[in-house]
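Residues per chain, in single letters:
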Amino acid sequence: IYALTYSDVSVDKNLKYRYYFHSEPINAPITEGDIVGGVDIIYNGEVIGNAKLIADEDIQASGLLTNLNGMRSFFISRFFILSVVFFVILSISYYCLFFRSSKRKNQKILNYNFLQK
C-alpha cells in the first residue's frame with residue numbers, strides 16, 4: 001500500500017492495522033494465491049487504505065489434526081449428546097429397577113429365613 005502522508009507521520013507510531021480473515025479458523029488445505037482475509041490501515045481513526053491477505057505458499061492439511069477435528073465434531077454433535085443423555089437415563093432407570101427388585105428379593109429371603117427358624 002502506498003500513501004502520501006505528512007513528513008512527521010511515523011509508520012510505527014501513528015498507523016494502526018486491523019487484520020481480518022474471511023473465515024475463523026482458516027482451514028487447510030490452502031493453495032498459493034488464495035485470498036484468506038485483508039488488512040485495513042488506519043490513521044487518526046480513518047481508514048486510509050486496505051489490502052488483501054494472500055497465501056504465499058501451499059499449506060497441506062495435517063492428517064492428525066483433520067482426524068482430531070472430526071472426532072471433536074462427533075463428540076459435540078447432537079446425536080452423541082442425545083445418545084449419552086439417553087444412556088444415562090436408561091442406566092439410572094435400570095439401577096432403580098434392579099435395586100428395587102433386589103430389595104424385594106432380599107426381603108423375601110429374610111422373611112423366609114425368619115419363618116424357618
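The rules we used
- Residues numbered from 1 in each chain as written.
- Predicted model: local features only at pLDDT ≥ 70, side-chain atom pairs only at ≥ 80, totals over all residues.
- Heavy atoms only, no water.
- Salt bridge = Lys/Arg side-chain N within 4 Å of Asp/Glu carboxyl O.
- Helix = DSSP H or I, 4+ residues; strand = E, 2+ residues; numbered from the N terminus.
- Pairing = 2+ DSSP bridges.
- Phe/Tyr/Trp six-rings, centres within 6.5 Å; stacked < 30°, edge-to-face > 60°.
- Buried < 20%, exposed > 50% of the residue type's maximum accessible area, 1.4 Å probe, protein only.

Engineer: Quick question: what am I supposed to make of the pattern of salt bridges here?
Structural biologist: Throughout the structure, instances matching the rule amount to one salt bridge. We note a salt bridge from Asp-40 to Arg-18, for which the minimum N-O separation is 3.1 Å. Placement of Asp-40 in strand 2 (residues 35-43) and of Arg-18 in strand 1 (residues 15-21) is noted, with a sequence separation of 22 residues between them.

Engineer: What is the right way to look at the pairing of strand 3 (residues 46-54) in this model?
Structural biologist: Regular strands have side chains that alternate between both faces of the sheet. When strand 2 meets strand 3, the two strands line up antiparallel, connected through eight bridges. Opposite Gly-37, over in strand 3, you have Leu-53 as the bridge partner.

Engineer: Please explain the packing of aromatic side chains as it appears in this structure.
Structural biologist: For the structure shown, the criterion picks out three aromatic pairs. Ring centres 5.3 Å apart and planes at 55° place the aromatic pair Phe-74 and Phe-80 in the tilted group. What makes Phe-80 partly exposed here is its relative accessible area of 26%. Ring plane angle 80° and centroid distance 4.9 Å describe the contact between Phe-75 and Phe-80, whose orientation is recorded as edge-to-face. These aromatic residues form a ring-pair network of at least three members: Phe-74, Phe-75 and Phe-80.

Engineer: Is there a simple way to explain unusual backbone geometry in this structure?
Structural biologist: Trans is the prevailing form of peptide bonds, just as negative phi is the prevailing case for residues other than glycine. Even without being glycine, Asn-44 reaches a positive phi, approximately 55°. With respect to the helices, strands and loops of the structure, Asn-44 is situated in the loop between strand 2 and strand 3.

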